[in-house]
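An overview of the molecular structure
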Amino acid sequence: MPQWLRLRADPGYHESYLEFLPKFFSVRPDPGDFPFVVEGTYFETGHLWFVVLLLTFSLVLAPLARWVPRGRALRRRERLVALSQPRGAILLLGLPIAAICALARLEEAFGGWDRWAYLAFFLYGFLLVTDPRFRAAMRRTRWIAAVAGAVPMLVGVNRLSAYLAPAVLPLYILHQPIVVAVAFHVAGWQAAILVEYVVIVALSLGLTVAVYDVLVRRTRVTRFLFGMWEPTGR
């Protein structure tokens, strides 16, 4: 939708969204921009670039995981567990990410990280859930997390976080087209820029939360589609 709205800003453009949609999905291979392996004249990943990135990494790594001998994988994990046990040692996992970004440089388009840094994040996530001793090591450095979370805790978000925590991905997916749609209509007002800004922020926030609450979180199908569904009885 954002691409279509940008085109609609041209008074000479009259295609409907349904007429535009086939052009959006007209893509061609682009392996040179891995992991963003397709491109098109009108196609863009927009704010969901990280979902495409993680999906590509998943599809590439899943077959490779079967080729790693289980015994060797377990021995390497044991060595990593041993290295992570001293207090604060698990923070050393940040060094490979820092090295990637230092050598490959940062990419502003991808949240400031190099795209290959996200492969390290992805692998770390997989590793950390494989053994409870990693989680124990993380708990031993929880004071850092406590400092980082002190400000939100002081403003009393305990109850709100229970509502918003499962909504992180749905709200992220929903917000960008809503912001663009609201801004598309508000930006043409003959009003002070501060007024337009406040209206865009307020309307976008309200609509995003409303769409999530009404159309996503209340049904099992939509919760599943947005990654929130859990098996019955869990």
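Everything here concerns the structure above.
Rules behind the numbers
- Residues numbered from 1 in each chain as written.
- Predicted model: local features only at pLDDT ≥ 70, side-chain atom pairs only at ≥ 80, totals over all residues.
- Heavy atoms only, no water.
- Phe/Tyr/Trp six-rings, centres within 6.5 Å; stacked < 30°, edge-to-face > 60°.
- Helix = DSSP H or I, 4+ residues; strand = E, 2+ residues; numbered from the N terminus.
- Buried < 20%, exposed > 50% of the residue type's maximum accessible area, 1.4 Å probe, protein only.
- Patch = residues over 30% accessible without salt bridge, like charges linked within 9 Å, V, L, I, M, F, W, Y side chains within 5 Å.
- Areas by Shrake-Rupley, 256 points an atom, 1.4 Å probe, with all protein chains shown as cover.
- Salt bridge = Lys/Arg side-chain N within 4 Å of Asp/Glu carboxyl O.
- Lys, Arg positive; Asp, Glu negative; His and termini not counted.
- Charge placed at Lys NZ, Arg CZ, Asp CG, Glu CD.
- Expected span 1.5 Å × (residues − 1).
- Contact = heavy atoms within 4.5 Å.
- Polar contact = N/O pair within 3.5 Å; in protein donor to acceptor, adjacent residues only side chain to side chain.

Using the criterion set out here, one finds 14 aromatic pairs in the structure. Taking 5.2 Å as the distance between ring centres and 50° as the angle between the ring planes, the aromatic pair formed by Phe24 and Phe43 counts as tilted. Here Phe24, found in helix H2 (residues 17-24), pairs with Phe43, found in the loop between strand E2 (38-39) and helix H3 (49-65); they are 19 residues apart in sequence, far enough to count as distant. Judged by relative accessible area, Phe24 falls into the buried class, the value being 14%. A relative accessible area of 21% means that Phe43 is categorised as partly exposed.

The next thing to look at is a positive patch on the surface. On the surface, Arg72, Arg75, Arg76 and Arg79 cluster together into a positively charged patch. Structurally, the position occupied by Arg76 is in helix H4 (residues 70-84). Using a relative accessible area of 48% as the deciding quantity, one classes Arg76 as partly exposed.

Further remarks concern helix H6 (residues 115-128). Here H6 spans 21 Å end to end across 14 residues, near enough to the 20 Å set by a 1.5 Å rise per residue. For H6, every residue scored as buried is listed here: Arg115, Ala117, Tyr118, Ala120, Tyr124, Leu127 and Leu128. In this fold, the buried residues of H6 make contact with H3, H4, helix H5 (94-104) and helix H7 (132-140). One side-chain oxygen at the N-terminal end of H6 lies 2.8 Å from the backbone nitrogen of Trp116; it belongs to Asp114.

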